[in-house]
Amino acid sequence: PNKVNNRVLRHGNKVRMSEDGLRLYSEVDGHVTLTDGRVFVSDIYEIPADVDSSTGDVIYEGNVVVKGNVITGFSVKAKGDIEVYGVVEGAYLEAGGQIILRRGMQGMNKGILKAYGNIVSKFIENAEVIAGGYINTDSILHSRVSAKGDVVVGGRRGFVTGGIIRSGTLISVKTSGSHMGTNTVLEV
């Protein structure tokens, strides 16, 4: 191979060159891009639009950032964190770290969020949510939610109706249940 020129960028000390200048080594799992003659290795995989038939299911060793929605029937699995800017529909998300949903989850009774860390979401509707850490959201509707840590339903609305909410430590809500007779179970 040709020698790598000196324009190689050592991005956060994640890329190093061999002493003979013939090879590059990455210090992290991730994907490599070559931009303007510079090598970048990132452990963040960014999807600029929706996770749908154009992307297929996503499996990644690092962190995943989805700028759009995650469409029903698709999955995102990451060893690190998952962050979604849009809405998660009836999809499957699994993170070795935490899951952050900037908007929320409309699970359509088939959506699942599973994180070994924390889960933060604007809302959770008709979904199954399992966290190894805490769960923080503004509302939970007709969902099965369990966390080893606290389940905090705060924000302006702060309500839970329907479904089962389980926590290993604490459940904090402003309003639970409904006048419609829907069963709402809280277990600590």
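Just above sits the structure.
Residues numbered from 1 in each chain as written. Predicted model: local features only at pLDDT ≥ 70, side-chain atom pairs only at ≥ 80, totals over all residues. Heavy atoms only, no water.

Draft legend 1. Inspection of the pattern of salt bridges at higher detail. Summed over the entire model, instances satisfying the criterion amount to five salt bridges. Arg102 is paired through a salt bridge with Glu83; the nearest N and O atoms lie 2.6 Å apart. Of this pair, Arg102 sits in the loop between strand 12 (99-101) and strand 13 (104-115) while Glu83 sits in strand 9 (residues 82-84), and the two are 19 residues apart along the sequence. A salt bridge links Glu128 to Arg144; its shortest N-O distance comes to 3.4 Å. In this pair, Glu128 sits in strand 14 (residues 119-131) while Arg144 sits in strand 15 (residues 135-147), placing the two residues 16 residues apart along the sequence. (Salt bridge = Lys/Arg side-chain N within 4 Å of Asp/Glu carboxyl O. Helix = DSSP H or I, 4+ residues; strand = E, 2+ residues; numbered from the N terminus.)

Draft legend 2. Quick look at the packing of aromatic side chains. All told, the structure shown has one aromatic pair when counted by the stated rule. When the ring of Tyr45 is compared with that of Tyr60, the centres are 5.3 Å apart and the planes differ by 35°; the resulting orientation is tilted. Separated by 15 residues along the polypeptide, Tyr45 in strand 5 (residues 44-47) and Tyr60 in strand 6 (residues 58-60) bring together distant segments of the chain. For Tyr60, a relative accessible area of 12% gives the class buried. The aromatic ring of Tyr85 is capped on one face by Lys67, whose charged end is 4.2 Å from the ring centroid. (Phe/Tyr/Trp six-rings, centres within 6.5 Å; stacked < 30°, edge-to-face > 60°. Buried < 20%, exposed > 50% of the residue type's maximum accessible area, 1.4 Å probe, protein only. Lys NZ or Arg CZ within 6 Å of the ring centre and 35° of its normal.)

Draft legend 3. Representation of the side chain of Ser75 within the structure. Mapped onto the elements of the fold, Ser75 is located in strand 8 (residues 75-78). Taking the relative accessible area as the measure of exposure, Ser75 reaches 12% and is therefore buried.

Draft legend 4. Representation of the side chain of Ser167 within the structure. When you line up the elements, Ser167 lands in strand 17 (residues 159-167). Of note is the side chain of Ser167, whose polar atom sits 2.9 Å from the backbone nitrogen of Leu170. Not counting chain neighbours up to four residues away, the residues in contact with Ser167 comprise Ala147, Gly149, Asp150, Val151, Glu187 and Val188. (Polar contact = N/O pair within 3.5 Å; in protein donor to acceptor, adjacent residues only side chain to side chain. Contact = heavy atoms within 4.5 Å.)

Draft legend 5. Here's a closer look at unusual backbone geometry. Of note in the backbone geometry, Asn109 takes a positive phi value of approximately 60° without being a glycine. You can see Asn109 is positioned in strand 13. The residue His142 is not glycine, and still its phi comes out positive at about 50°. The topology assignment puts His142 in strand 15. According to the relative accessible area criterion, His142 is partly exposed, its value standing at 37%.

Draft legend 6. Seen up close, the environment of Gln98. Its location among the elements puts Gln98 in the loop between strand 11 (92-95) and strand 12. With a relative accessible area of 24%, Gln98 lands in the partly exposed category. C-alpha of Gln98 to C-alpha of Gly117: the two residues are 19 residues apart in sequence and 4.6 Å apart in space. Discounting chain neighbours no more than four positions away, the residues touching Gln98 are Gly80, Asp81, Ile82, Ala115 and Asn118.

Draft legend 7. Fine view of the nonpolar core. Formed by 35 residues in total, the largest nonpolar core has its most connected members in Val70, Leu93, Ile99 and Ile135. The residues contacting Leu93, other than those within four sequence positions of it, are Val70, Val76, Ile82, Val84, Val88, Ile99, Leu101, Ile112, Leu113 and Lys114. (Core = buried A, V, L, I, M, F, W, Y, C linked by side-chain atoms within 4.5 Å.)

These figures capture arrangement, not role.
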